[in-house]
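Secondary and tertiary structure notes
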Amino acid sequence: MARKKQVPHAEHEALSVPRPSSAASSRSDVPHTASRHLSLDFLDSLSASLDRDMSFFQAETFAHHGSTRTNLMSREEEIQDKFVFSHEVSMAGEPITDQKMSGRCWIFAALNTLRVFVARRYNLNEFQLSQAYLLFYDHISKASFNLSLFWARLSDFSMANQQLKRFPPRQSTAIHCLYPSGQQILRDHSSAVHNWGVQDGGCFDWVVALLMEFGIVPREKYTDTWVAENTGDMDDLINTELRTWAVFINDTYRDLIEHQHVSHKEAVKRIRLHKKEMIATVFRTLAAHLGKPPRPHDQFTWEYYDKDNKFQSLTTTPVKFFTSISEGNLQGPSYDIRRSISIVDDPRFHVNVAIESEWGNIVVGSPRKVRYLNVGIEQMKKAAIQQIKLNLPVWFAVDMSRAHSSHAGLMDTNLYNANERFITGSKFLTLSKADRLRIGDSAPDHAMILVGVHLDDDGKPVRWKVENSWGPKGTDKDGFLVMTDKFFDEFVYTMATPIDFLPDHLQTLETRGNVYSRVKVGLSWF
């Protein structure tokens, strides 16, 4: 199976942006004698000790021939993690979707949730909503968001005109929005969206804002192009365009202020005249790669056969189509995703507090905030079980790089752990969830949906059924996975739940507007 391009969370994407090598090499605080602490004699002694270590020869044999994880995967866990569940969501995974080489998992997970209710309402066997449609409007929204940040940062220039003269022209603040090279003139605004401009990643509150603004269409009304399934080159091209505009904004502002001697307000006003041209450039690029999308308020006609093989037809608009699925009650063929909120388990913060991104939403002007309730893992499980029992799929995000086998379709903390120590010989590989977040060892990089749970006789969860978006051949379980409850404890970070499923004190916390902490976009979860 071709390796999928998983969606990195915001902080990981920011860390992935290349930094200039000159900055590291020119640091004066790195002692010249640092390398002397790693002596050749010490390395020789380590090599000699391995010659006397019989367990190392076994480890070497395993590690040399193929994937370490494949060779050392626990057969006992494979047998124990049964694909049997006491409660399952009906009409889930019909069909299993495939994001291919794109990072659209957060969009796929949201649309795979909504399509269950579309299929129920219109009596369908199989159905997909257009993932490319939201991808188009996601990317144009991110481009607009980045340009808005440029204007905001130009305001900072007016408070630092004297500092502008201290740095080379191409190291000023607008450039940092997309590529943080050179020195920071003002306070650090670094975040995933700033550093990456337009990329595939996202979070639950972003996709809800996109749905509210642009709606949904059936997949056959706006199908994937090859580029929609392989987004890397398109994203790179758009980011080059944005960086070009960043340079233009930077140089134009400097010329207006320093040579034409206009006021800051007038300089920003003149530069803003180019914003429509900037957006038009990105729109053209997206349309060339993905096709021109349906307009959110324009009518389209959807023709289809229902389960009984009867012809049906529906005329609506993308926004009305979304709104129609959001109306009604949870027990019927409706699901108001707008009333779902993000809850997280982040042990670094106090439990039962609200955490909010100070950058807001990528859909500029959207009333939807990027906000999380830190409720703890047990409350997350309660909400997930309640939803599954009511036949509702659950959007959630995990660290997919850990204790996971795509081939076996398993997510199990015991799948490799003991055997990994056999390879490394380390006694210190166990980290708490909080420690993994603090040091950047773990964070959610993939979104999927929960569609089943197996409860023991006491009603406690044993394992969970997961619907992925890596195609039907993504696992030996036709695209589904089994996730152990221990994996849920350790590597599930955030999920969506209707606010009504939370206790009163958490509902009050969400609605009253108070937040424990406002943080930049680069959080350690979606």
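Here the structure is a predicted model, which means the values were calculated and not measured. (Residues numbered from 1 in each chain as written. Predicted model: local features only at pLDDT ≥ 70, side-chain atom pairs only at ≥ 80, totals over all residues. Heavy atoms only, no water.)

1. Concerning the overall build of the protein chain
The secondary structure content of the protein chain amounts to 22 helices and 14 strands. Taken across its 526 residues, the protein chain has 53% of its residues classed as buried. Counted over contacts in the protein chain with a minimum sequence separation of 6, partners at least 24 positions apart contribute 79%. Of the roughly 24400 Å² that the protein chain leaves accessible, carbon and sulfur atoms contribute 51%. (Helix = DSSP H or I, 4+ residues; strand = E, 2+ residues; numbered from the N terminus. Buried < 20%, exposed > 50% of the residue type's maximum accessible area, 1.4 Å probe, protein only. Contact = heavy atoms within 4.5 Å. Areas by Shrake-Rupley, 256 points an atom, 1.4 Å probe, with all protein chains shown as cover.)

2. Things to note about the packing of aromatic side chains
Following the criterion strictly, the structure yields 21 aromatic pairs and no others. Ring plane angle 70° and centroid distance 5.5 Å describe the contact between Phe 136 and Tyr 137, whose orientation is recorded as edge-to-face. Among the residues examined, Phe 136 registers a relative accessible area of 0% and is labelled buried. Relative to Phe 321, the ring of Phe 300 lies with its centre 6.2 Å away and its plane at 75°, an arrangement referred to as edge-to-face. Remark: Phe 321 occurs in helix H17 (residues 318-326) and Phe 300 occurs in strand E2 (residues 300-305); sequence separation between them is 21 residues. Note on accessibility: Phe 300 and Phe 321 belong to one class, buried. Put simply, the rings of Tyr 122, Phe 127, Phe 300, Trp 302, Tyr 304 and Phe 321 pair up and form one aromatic cluster. Across the ring face of Tyr 493, the terminal group of Lys 433 is positioned such that the distance to the ring centre comes to 5.0 Å. The ring centre of Phe 480 lies 4.5 Å from the NZ or CZ of Lys 465, which sits over that ring. (Phe/Tyr/Trp six-rings, centres within 6.5 Å; stacked < 30°, edge-to-face > 60°. Lys NZ or Arg CZ within 6 Å of the ring centre and 35° of its normal.)

3. Regarding the nonpolar core
Among the nonpolar cores identified, the biggest contains 124 residues, and Trp 302, Leu 450 and Met 483 are the most heavily contacted of them. Contacts of Trp 302, omitting those with residues within four sequence positions, involve Val 118, Tyr 122, Leu 124, Phe 127, Pro 218, Glu 220, Gln 312, Ser 313, Leu 314 and Phe 321. Ala 408, Leu 410, Leu 415 and Tyr 416 belong to the second-largest nonpolar core, a separate cluster that totals six residues. (Core = buried A, V, L, I, M, F, W, Y, C linked by side-chain atoms within 4.5 Å.)

4. Some points on the confidence of the model for the protein chain
Confidence in the prediction of the protein chain, expressed as mean pLDDT, is 79, and 75% of residues score 70 or more. Note that pLDDT drops below 50 for residues 1-34; the model gives that stretch 69 contacts with residues more than four away or on any other chain. Within the model, pLDDT remains below 50 along residues 158-194, and this stretch shows 107 contacts once partners closer than five positions in the same chain are excluded. (pLDDT = per-residue confidence, 0-100.)

5. Quick word on H17
The buried fraction of H17 amounts to seven of the nine residues, a majority that puts the element mostly inside the structure. Along H17, the positions that sit buried rather than exposed are Pro 318, Val 319, Phe 321, Phe 322, Ser 324, Ile 325 and Ser 326.

6. Some words on the environment of Ala 246
Relative to the helices and strands, Ala 246 is located in helix H14 (residues 232-258). Along the chain, Ala 246 and Phe 150 lie 96 residues apart, while their C-alpha atoms are 7.4 Å from each other.

7. Examining unusual backbone geometry
Although it is not a glycine, Asn 391 sits at a positive phi angle of roughly 70°. Relative to the helices and strands, Asn 391 resides in the loop between helix H18 (377-389) and strand E7 (394-398). Positive phi values are uncommon outside glycine, yet Asp 478 reaches one of about 55°. Inspection of the secondary structure assignment puts Asp 478 in the loop between strand E11 (461-467) and strand E12 (480-484). The exposed category is assigned to Asp 478, whose relative accessible area is 56%.

8. Re the pattern of salt bridges
Under the criterion given, the structure shown has 21 salt bridges. A salt bridge links Asp 224 to Arg 104; the nearest nitrogen and oxygen atoms lie 3.1 Å apart. Of this pair, Asp 224 sits in the loop between helix H12 (204-214) and helix H13 (226-229) while Arg 104 sits in the loop between strand E1 (87-88) and helix H7 (105-121); the two residues are 120 residues apart in sequence, bridging distant segments of the chain. The same class applies to Asp 224 and to Arg 104, which are both buried. For the salt bridge of Asp 500 with Arg 339, the shortest nitrogen-to-oxygen distance reads 3.0 Å. With Asp 500 in the loop between strand E13 (492-498) and helix H22 (504-511) and Arg 339 in the loop between H17 and strand E4 (340-344), this residue pair connects regions lying 161 residues apart in the sequence. Each of Glu 378, Lys 381, Asp 485 and Asp 489 takes part in salt bridges that share partners, so that together they form one network. (Salt bridge = Lys/Arg side-chain N within 4 Å of Asp/Glu carboxyl O.)

9. Re a nonpolar patch on the surface
A surface patch of nonpolar side chains, about 490 Å² in accessible area, is lined by Leu 38, Leu 40, Phe 42, Leu 43 and Leu 46. Secondary-structure assignment places Phe 42 in helix H3 (residues 40-51). (Patch = residues over 30% accessible without salt bridge, like charges linked within 9 Å, V, L, I, M, F, W, Y side chains within 5 Å.)

10. A look at the pairing of E11
Among the seven residues in E11, six count as buried, and that is most of the element. In sequence, strand E10 (residues 446-455) turns back onto E11 through a hairpin of five residues, with Gly 459 there showing a positive phi of about 80°. Sheet topology places E11 next to E12; five bridges connect them, and they run antiparallel. Bridge pairing in E12 links Glu 467 to Phe 480. (Pairing = 2+ DSSP bridges.)

11. Description of the packing of H7 against H17
Remark: H7 packs on H17, axes separated minimally by 10 Å, with the N-to-C direction vectors making an angle of 80°. Here H17 runs roughly perpendicular to H7, going by the angle between their axes. Facing H7, whose interface residues are Leu 114, Phe 117, Val 118 and Arg 121, H17 presents Phe 321, Phe 322, Ser 324 and Ile 325. Of the residues belonging to the contact of H7 with H17, the class tally is six nonpolar, one polar and one charged. (Axes fitted to C-alpha atoms, helices over the stretch in contact; angles between N-to-C directions. Parallel < 35°, antiparallel > 145°, perpendicular 65-115°, else oblique. Nonpolar A, V, L, I, M, F, W, Y, C, P; charged D, E, K, R; others polar.)

12. Notes on the pairing of E13
Here E13 lies mainly inside the structure; seven of its seven residues are buried. Alignment of E4 against E13, held across five bridges, turns out to be antiparallel. Bridge pairing in E13 links Ile 343 to Met 495. Pairing of E7 with E13, which is carried by three bridges, proceeds in the antiparallel orientation. Within the sheet, the bridge partner assigned to Ala 397 lies in E13 and is Thr 494.

13. With respect to the side chain of Asp 412
Inspection of the secondary structure puts Asp 412 in the loop between strand E9 (410-411) and helix H19 (417-424). Among buried charged residues, Asp 412 stands out as having no salt bridge; its nearest opposite-charge side chain is Arg 463, 9.8 Å away. Side-chain polar atoms of Asp 412 contact the backbone nitrogen of Asn 414, separated by 2.8 Å. (Lys, Arg positive; Asp, Glu negative; His and termini not counted. Polar contact = N/O pair within 3.5 Å; in protein donor to acceptor, adjacent residues only side chain to side chain.)

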